[in-house]
Amino acid sequence: MDTSTTETRATETRTVVAEFVGTAMLVFFGVGSLVLAGDYINAVGISFAFGFTLIVVAFAFGRISGCHINPAVTLGMLLARRMDIRAAIEYWVAQLVGGIVGAALLFLLAKQVPRLVTDDAFGSNGYGGRSPVGIGGGGAFLAEVLLTLLLVFIYLTVTGKVTMVAAEPVPVGLALTAVNLVGIPLTWTSVNPARSLGPALFAGGGALSQLWLFLVAPMIGGVLAAGLHMLTHPGHPVAEEEREQVTGPRPHMPWGRRLGGRRPGAGGPEAGGPEPGGPETKPPEAA
């Protein structure tokens with residue numbers, strides 16, 4: 001088997017595993033802060049639990065997959081032409097399965113807590129009677145679209161490609177914190193179909209009947225974020241190392257010329273060829 005093909009498949013496997021594990025962690029710890037500790041840390045604590053979890057997971061997996069751990073973010077990256085449709089589908093499958101597995105592990109732990117109610121609750125999202133402030137379906141839809149737009153826009157703006165490097169996880173984690181501070185009183189904050197799917201499956205009841213909104217609205221927010229990013233950041237720069245992988249090293253001067261007017265590889269003293277002539281090198285005429 002070709003070595004490059006083997007390396008490519010290994011890289012694809014690593015990115016899928018990173019998205020799966022990262023999403024499972026976000027659901028387990030983020031939703032877990034709501035299910036297991038919500039009465040003690042309230043909305044502020046839950047918001048920071050989601051944000052801190054995203055930051056630490058992004059530092060762990062950001063260089064591997066970009067740590068999208070959110071189908072809406074992956075959709076934004078796809079529309080921004082930073083990944084192809086095949087990679088996006090792989091990410092989506094890994095994220096949705098990871099969200100279900102994370103919720104399953106949390107459900108097993110929650111069942112060990114006496115008198116903890118999970119039916120029609122379990123950190124699931126909701127509107128109407130299932131919203132802390134009683135917001136209706138239309139308001140919930142609008143809120144999820146706008147909050148997701150902010151989150152995905154920050155992802156697209158602070159990153160130069162699919163992956164995250166250096167301190168890039170910090171602003172996206174802070175964005176998720178801010179989004180949760182606003183969204184928890186409204187809908188318990190989704191902005192992530194994978195985050196909503198897992199808990200709803202184990203909560204059942206009204207959580208499942210309202211799930212469609214928290215699958216659709218975040219994806220629309222991701223589309224709008226990609227469009228806004230194209231308007232505000234046209235020609236957003238890509239990391240230099242990625243550009244060189246695609247186009248090769250940048251020449252020293254335009255049109256592939258080096259200083260002195262020679263093209264790379266042209267004959268010259270350093271290449272064993274004759275010194276190029278010119279007016280300044282023409283010997284003086286005999287007197």
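Residues numbered from 1 in each chain as written. Predicted model: local features only at pLDDT ≥ 70, side-chain atom pairs only at ≥ 80, totals over all residues. Heavy atoms only, no water.

**Q** Help me out: how do you make sense of a nonpolar patch on the surface in this one?
**A** Nonpolar side chains collect at one region of the surface, where I85, I89, V93, V97, V101, L105 and L108 lie side by side and expose about 590 Å² of accessible area between them. In this structure, V101 sits in helix 3 (residues 85–110). Residue class for V101 comes out partly exposed when judged on its relative accessible area of 31%. (Patch = residues over 30% accessible without salt bridge, like charges linked within 9 Å, V, L, I, M, F, W, Y side chains within 5 Å. Areas by Shrake-Rupley, 256 points an atom, 1.4 Å probe, with all protein chains shown as cover. Salt bridge = Lys/Arg side-chain N within 4 Å of Asp/Glu carboxyl O. Helix = DSSP H or I, 4+ residues; strand = E, 2+ residues; numbered from the N terminus. Buried < 20%, exposed > 50% of the residue type's maximum accessible area, 1.4 Å probe, protein only.)

**Q** Would you mind showing me how to read the nonpolar core here?
**A** In a soluble, globular protein the nonpolar side chains are often hidden away together inside. Counting residues in hydrophobic clusters, the biggest one holds 49 residues, and the most contacted among them are L54, C67, M83, F122, L151, Y155 and L176. Taken together, the elements giving at least two residues each to this core come down to helix 1 (3–65), helix 2 (71–79), helix 3, helix 4 (137–158), helix 5 (169–187), helix 6 (193–203) and helix 8 (211–232). Residue contributions to this core peak at 12 residues, all from helix 1. Contacts of C67, omitting those with residues within four sequence positions, involve E19, L54, V57, A58, F61, G62, Y155 and M164. Counting residues in hydrophobic clusters, the runner-up holds seven residues, among them Y127, V145, L213 and F214. (Core = buried A, V, L, I, M, F, W, Y, C linked by side-chain atoms within 4.5 Å. Contact = heavy atoms within 4.5 Å.)

**Q** I tried to follow empty space enclosed by the protein on my own but got confused; where do I start?
**A** Take a probe with the size of a water molecule and roll it over the atoms, and the empty space left behind shows itself. Applying the stated criterion across every chain yields a total of one cavity of 30 Å³ or more. The computed volume of the largest cavity comes to approximately 90 Å³. Along the walls of the largest cavity sit 15 residues, with L26, N70, L151, L176 and N192 positioned nearest its centre. The biggest single contributor to the lining of the largest cavity is helix 1, with three residues. Residue composition of the lining of the largest cavity, grouped by class: eight nonpolar, six polar and one charged. (1 Å grid on protein atoms, 1.4 Å probe; cavity = no way out; pocket = protein on both sides within 12 Å on 5 of 7 lines; lining within 4 Å. Points joined across faces, edges and corners; volume = space filled by probe spheres on them. Nonpolar A, V, L, I, M, F, W, Y, C, P; charged D, E, K, R; others polar.)

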